[in-house]
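If you want the building blocks of each chain, they are given just below.
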Amino acid sequence: MRIRICATGRVRGGPEAALIDVYLTRFGRTGRSLSLGPAELHEVEAKKGGAAEEARLLLRGVPDGARLIALDERGRQMGSPDFAGLLAGWRDDGIGDVAFAIGGAEGHAPELRDRADLLLSFGTMVWPHMLARVMLAEQLYRAATILAGSPYHKA
Ligand SMILES: C[S@@+](CC[C@H](N)C(=O)[O-])C[C@H]1O[C@@H](n2cnc3c(N)ncnc32)[C@H](O)[C@@H]1O
């Protein structure tokens, strides 16, 4: 099951980009034997038009038939094992693609929220979009280790 992270802003270098790279590489490696991944990043940049234009560009990056998870602080919170179980369930149901959408400064427009299968929250605090990317990349890796039975996840 391929993973695509659709995110606003183009980022080159910096500590967050390095961490995202580390976790997505680890996810690719751990997920291979689980039929999870690889994960790729699809960045979009709306020059004007705000959240509605961002939504249009983000949705263009979502593969046909993909399950879509929109990251949103007002969404549903879940533990890492439940997140791992959600991905494994979709994989077992034969879902080929899962896309994640990370919004810009204004958050997600209604068009994107309506298309999403799930609004997922990493807590009620608002994080910068780059940190949301890092947290998602880490949770994908963590999910793969949980499903692989490796000791990375201790809770
Ligand atoms: C700076 S935030 C935008 C917040 C904006 N005020 C809003 O109304 O949604 C940029 C993006 O990071 C992600 N994000 C930030 N905090 C989050 C959280 N606690 N849980 C999940 N995603 C979050 C969301 O995708 C959000 O659209």
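Details of the structure are given in the entry above.
Each chain has its residues counted from 1, running along the sequence as written. The model is predicted, so local features are restricted to residues of pLDDT at least 70 and side-chain atom pairs to those at 80 or more, both for listing and for counting; the totals for chains, interfaces and linings are taken over all residues. Hydrogens are left out, water is left out, and the side-chain values use all remaining heavy atoms of the structure.

Draft legend 1. Up close: the pairing of strand β2 (residues 39–44). We call two strands paired when DSSP finds no fewer than two bridges between them. Helix and strand definitions follow DSSP, with helices as H or I runs of at least four residues and strands as E runs of at least two, each counted in order from the N terminus. In this sheet, β2 lies alongside strand β1 (residues 2–8) in parallel orientation, the contact comprising six bridges. Across the sheet, isoleucine 3 pairs through a bridge with alanine 39, a residue of β2. Looking down the strands as they point away from the viewer, one classifies a crossover as right-handed if the path from the first strand across the helix to the second runs clockwise. On the question of chirality, the crossover connecting β1 to the parallel β2 by way of helix α1 (residues 15–31) is right-handed.

Draft legend 2. Geometry of the packing of α1 against helix α5 (residues 129–148). Running from N to C, α1 and α5 cross one another at 20 degrees; their axes reach a closest spacing of 9 Å. When the axes of α1 and α5 are compared, the pair comes out roughly parallel. Two packed elements cross with a definite hand, and for α1 against α5 that hand is left-handed. On the side of α1, the interface is formed by Glu16, Ala17, Leu19, Ile20, Tyr23, Leu24, Arg26, Phe27, Thr30 and Gly31, while α5 contributes Met130, Leu131, Arg133, Val134, Ala137, Glu138, Leu140, Tyr141, Ala144, Thr145 and Ala148. Classifying every residue of the contact of α1 with α5 by side-chain character gives 14 nonpolar, three polar and four charged. Helix axes use the C-alpha atoms of the stretch in contact, all axes being lines fitted to C-alpha atoms, and the angles between their N-to-C directions lie in the range 0 to 180 degrees. Note on terminology: angles under 35 degrees are roughly parallel, angles over 145 are roughly antiparallel, angles of 65 to 115 are roughly perpendicular, and the others are oblique. Left-handed is the label given to a crossing in which the near helix is rotated counterclockwise from the far helix by less than a right angle, and right-handed is the label when the rotation is clockwise. Contacts were defined at the residue level, with two residues in contact if any of their heavy atoms lie within 4.5 Å. Residues are grouped as follows: Ala, Val, Leu, Ile, Met, Phe, Trp, Tyr, Cys and Pro are nonpolar; Asp, Glu, Lys and Arg are charged; all remaining types, including Gly, are polar.

Draft legend 3. How the structure looks around helix α2 (residues 50–60). Burial status follows relative accessibility: with a 1.4 Å probe on protein chains alone, a residue under 20% of its type maximum counts as buried, one over 50% as exposed, and anything between as partly exposed. All buried positions along α2 are accounted for by Ala51, Glu54, Ala55, Leu57 and Leu58. The inward-facing, buried residues of α2 contact β1, β2, β4 (97–102) and α4 (110–115).

Draft legend 4. View of the site of the ligand. The full set close to the ligand counts 20 residues, and Leu71, Phe122, Gly123, Met125 and Trp127 are the nearest of them. Here a polar contact means two N or O atoms within 3.5 Å. Within protein one must be a hydrogen donor candidate and the other an acceptor candidate, and residues neighboring in sequence count only if both atoms are side-chain atoms. The backbone of leucine 71 places a nitrogen or oxygen atom 2.7 Å from an oxygen atom of the ligand. Between a nitrogen atom of the ligand and a main-chain N or O atom of phenylalanine 122, the distance comes to 2.8 Å. All accessible-area figures derive from a Shrake-Rupley calculation using a 1.4 Å probe, and residue coverage is judged against the displayed protein chains alone. Within the complex, 87% of the 570 Å² of free accessible area of the ligand lies under protein. One heavy atom suffices: a residue is near a molecule or strand as soon as one of its heavy atoms comes within 4 Å of it.

Draft legend 5. Examining the pattern of salt bridges more closely. Whenever a carboxyl oxygen of Asp or Glu lies within 4 Å of a side-chain nitrogen of Lys or Arg, that contact is scored as a salt bridge. Applying the stated criterion to the full structure yields 13 salt bridges. For the salt bridge of glutamate 73 with arginine 74, the shortest nitrogen-to-oxygen distance reads 4.0 Å. Residue class for glutamate 73 comes out partly exposed when judged on its relative accessible area of 29%. A residue is classified by how much of its surface remains accessible, and arginine 74, at 58% relative accessible area, is exposed. For aspartate 92, the salt bridge is made with arginine 91, and the minimal N-O distance between the two is 2.9 Å. Classification of aspartate 92 by relative accessible area gives exposed; the value is 57%. The partly exposed category is assigned to arginine 91, whose relative accessible area is 23%. Put simply, Asp72, Glu73, Arg74 and Arg113 are held in one network by salt bridges that share partners.

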